[in-house]
Amino acid sequence: MSKPNYSDIARLAGVGTATVERVLNGRGGVRAELVEKVVIAARSLNYPRLPAETHRGLLRIEVLMVRPETTFYRRLSRAFERISETLDPLVVVHRTFVDEMKPAEIAKRILSTDGARVGLILAVPSNPAISAAVETIVGRGLPVVHVVTRASETKGEFVGIDNYAAGRTAAHFIDRMSRTGGPVVALCHPVYQVHRERIRGFSDYLGDRPGPLAFEWLGFTRDDELYSAETLANALEMYPDLVGLYNAGGGNAALIDVLRRHRRGRDLVFVGHELTDYTRAALKEGIMDVVLDQAPEAQAQRALDIVLRRIGLTTIETDRAPIRFITITPEGL
């Protein structure tokens with residue numbers, strides 16, 4: 001193929017050749033949105049000369065996340081940081097942490113027009129105000145990708161594991177690994193749709209297989225260490241013959257500490273999520289039996305791949321299947 005010319009780029013970008021000439025020669029005087037169109041078209045046609053000052057950091061993808069104090073979201077943030085360093089200088093990935101308990105502020109951030117952005121990746125809880133904000137910006141044509149959990153049921157693409165299957169998997173392990181029959185309890189954070197999906201899968205599995213195990217109680221921990229510890233302590237008091245525990249959310253460190261001190265802490269089957277320093281140690285000690293890890297690194301990569309394809313920087317079709325969660329036992333460490 002011959003080298004692309006101004007006319008080729010103008011036709012693909014939907015602008016005039018004079019606009020292309022001004023952008024590619026750094027003459028200025030062109031609106032930012034037209035500069036973006038010209039640069040994307042030129043890159044996709046492998047135009048050999050793009051002045052660095054024209055396109056460096058031109059395309060901004062914003063990532064909104066919550067709970068920076070948790071190992072999982074720190075892993076997710078680091079994954080976006082590492083991947084962004086491998087991308088074309090054209091792209092900047094901007095990461096921001098927001099307060100999950102302030103949905104109005106999250107919605108305001110989603111709707112913000114302070115600084116142009118070509119894509120938005122969300123790892124925030126669902127809420128009517130947040131969902132409405134997502135619907136608004138999707139209506140404006142901005143690509144939105146939900147990671148880990150959905151902030152809107154209807155708008156934006158989702159990248160994450162099959163959480164219903166994860167819940168059923170947790171129930172399967174407790175069912176097969178329990179040495180005796182008895183009560184089983186589960187814990188979760190009620191504001192996250194994915195946690196509710198996990199609990200639904202967990203409950204359905206045990207309901208489909210009537211037997212010696214009984215799903216007796218569901219506790220809400222808010223993924224907070226104090227609430228998690230108190231909730232599990234109450235469960236152990238209510239059910240002294242407890243045989244199984246499934247934590248569908250966070251706060252594992254507090255749960256591990258409670259079980260480490262309890263006389264029956266190593267007797268029950270404990271399944272939780274995310275491989276961290278705490279859960280790794282608990283697996284080795286025999287306090288935890290199975291960890292289901294969401295592979296946040298794979299989620300970050302696919303989310304960015306989807307946005308890059310939507311804005312025309314790649315033509316590679318992304319996989320639409322759920323991200324595979326990783327099952328880890330003490331023997332797999």
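Residues numbered from 1 in each chain as written. Predicted model: local features only at pLDDT ≥ 70, side-chain atom pairs only at ≥ 80, totals over all residues. Heavy atoms only, no water.

### Observations concerning helix H12 (residues 277-285)
Among all positions of H12, only Thr279, Ala282 and Leu283 are buried. Down the axis of H12, the smallest arc covering the buried residues is 100°, so these residues share one side. Residues of H12 that are exposed and point more than 90 degrees away from the buried face comprise Asp277 and Lys284. Residues of H12 that are buried make contact with helix H11 (252-261), strand S9 (269-273), strand S10 (290-293) and strand S11 (326-328). Looking at where H12 begins, the residue whose side-chain oxygen comes 3.2 Å from the main-chain nitrogen of Tyr278 is Thr276. Where H12 ends, the next residue or the one after it, Gly286, has phi of about 85°, a positive value. (Buried < 20%, exposed > 50% of the residue type's maximum accessible area, 1.4 Å probe, protein only. Helix = DSSP H or I, 4+ residues; strand = E, 2+ residues; numbered from the N terminus. Arc of directions from axis to C-beta. Contact = heavy atoms within 4.5 Å. Polar contact = N/O pair within 3.5 Å; in protein donor to acceptor, adjacent residues only side chain to side chain.)

### Looking at the sheet that holds S9
Strand order in the open sheet made by the 6 strands is S7-S6-S8-S9-S10-S11, with mixed pairing throughout. Whereas interior strands pair on both sides, the edge strands pair on one side only; in this sheet they are strand S7 (213-220) and S11. The mean inter-strand angle of the sheet, taken between neighbouring strand axes irrespective of direction, is 15°. Both S10 and S11 contribute to a ladder of 3 bridges, which runs antiparallel. Following the sheet pairing, Leu292 is matched in S11 by Thr327. Against the sheet, helix H9 (residues 193-208) makes contact with strand S6 (182-188), S7, strand S8 (244-247) and S9, and its axis sits at roughly 165° relative to S6, the strand it touches most. (Pairing = 2+ DSSP bridges. Axes fitted to C-alpha atoms, helices over the stretch in contact; angles between N-to-C directions.)

### Quick word on the nonpolar core
What tends to happen in soluble globular proteins is that the nonpolar side chains get buried as a cluster. Counting residues in hydrophobic clusters, the biggest one holds 83 residues, and the most contacted among them are Ile110 and Ile121. A total of 7 residues in this core trace back to one element, the largest contributor, which is helix H3 (residues 32-44). Non-local contacts of Ile121, meaning those with residues more than four positions away in its chain, are made with Ile61, Glu62, Val63, Leu64, Phe80, Val145, Val147, Ala303, Leu304 and Val307. (Core = buried A, V, L, I, M, F, W, Y, C linked by side-chain atoms within 4.5 Å.)

### Points about the pairing of strand S4 (residues 144-147)
Neither face of S4 is exposed, since Val144 and His146 on one face and Val145 and Val147 on the opposite face are all buried. Here 3 bridges tie strand S3 (residues 119-123) to S4, and the two strands are oriented parallel to one another. Following the sheet pairing, Leu120 is matched in S4 by Val144. Handedness of the crossover is the feature at issue here: the chain leaves S3, passes through helix H7 (residues 128-139), returns alongside S4, and the resulting connection is right-handed. (Right-handed = clockwise from strand over helix to strand, strands pointing away.)

### Looking at the pattern of salt bridges
Within this structure, the stated rule accounts for 20 salt bridges. Between Arg95 and Glu81 there is a salt bridge; the shortest N-O distance is 4.0 Å. Here Arg95, found in strand S2 (residues 91-97), pairs with Glu81, found in helix H5 (residues 71-84); they are 14 residues apart in sequence, far enough to count as distant. Look at Arg95 and you get partly exposed, because its relative accessible area is 32%. Residue classification places Glu81 among the partly exposed positions, given a relative accessible area of 34%. One network of salt bridges, in which partners are shared, links Glu157, Arg309, Arg310, Glu317 and Arg320. (Salt bridge = Lys/Arg side-chain N within 4 Å of Asp/Glu carboxyl O.)

### Structural notes on the packing of helix H10 (residues 225-238) against H11
The geometry of H10 relative to H11 is characterised by a closest axis approach of 8 Å and an angle of 40° between their N-to-C directions. The angle between H10 and H11 places the two elements in the oblique class. For the pair H10 and H11, the crossing hand works out as right-handed. Contacts from Glu225, Ser228, Ala229, Leu232 and Leu236 of H10 reach H11 at Ala253, Ala254, Leu255, Val258 and Leu259. (Parallel < 35°, antiparallel > 145°, perpendicular 65-115°, else oblique. Left-handed = near helix turned anticlockwise from the far one by under 90°.)

### Concerning the sheet that holds S3
Sheet architecture is open: 5 strands sit in the order S2-S1-S3-S4-S5, paired in parallel fashion. Lying at the two open borders of the sheet, with one neighbouring strand each, are S2 and strand S5 (157-159). On average, each strand axis in the sheet is tilted by 20° relative to the strand beside it, whichever way the strands run. Both strand S1 (residues 59-65) and S2 contribute to a ladder of 7 bridges, which runs parallel. Across the sheet, residue Val63 finds its bridge partner in S2, namely Arg95.

### Observations regarding the layout of surface pockets
In this structure, the largest pocket occupies an estimated 500 Å³ of space. Lining the largest pocket we find 26 residues, and of these Thr70, Thr71, Phe72, Gly250 and Gly251 sit closest to its centre. A per-element tally of the lining of the largest pocket places H5 first, with 4 residues. A breakdown of the residues in the lining of the largest pocket according to their chemical character gives 8 nonpolar, 11 polar and 7 charged. Within this model, the second largest pocket holds a volume of roughly 420 Å³. As for the second largest pocket, its lining consists of 19 residues, and the residues nearest its centre are Ala116, Arg117, Val118, Arg140 and Leu142. Considering every element that reaches the lining of the second largest pocket, the biggest residue donor is H3, with 4 residues. For the lining of the second largest pocket, a count of residues per class yields 9 nonpolar, 4 polar and 6 charged. (1 Å grid on protein atoms, 1.4 Å probe; cavity = no way out; pocket = protein on both sides within 12 Å on 5 of 7 lines; lining within 4 Å. Points joined across faces, edges and corners; volume = space filled by probe spheres on them. Nonpolar A, V, L, I, M, F, W, Y, C, P; charged D, E, K, R; others polar.)

Purely geometric numbers; function is a separate question.
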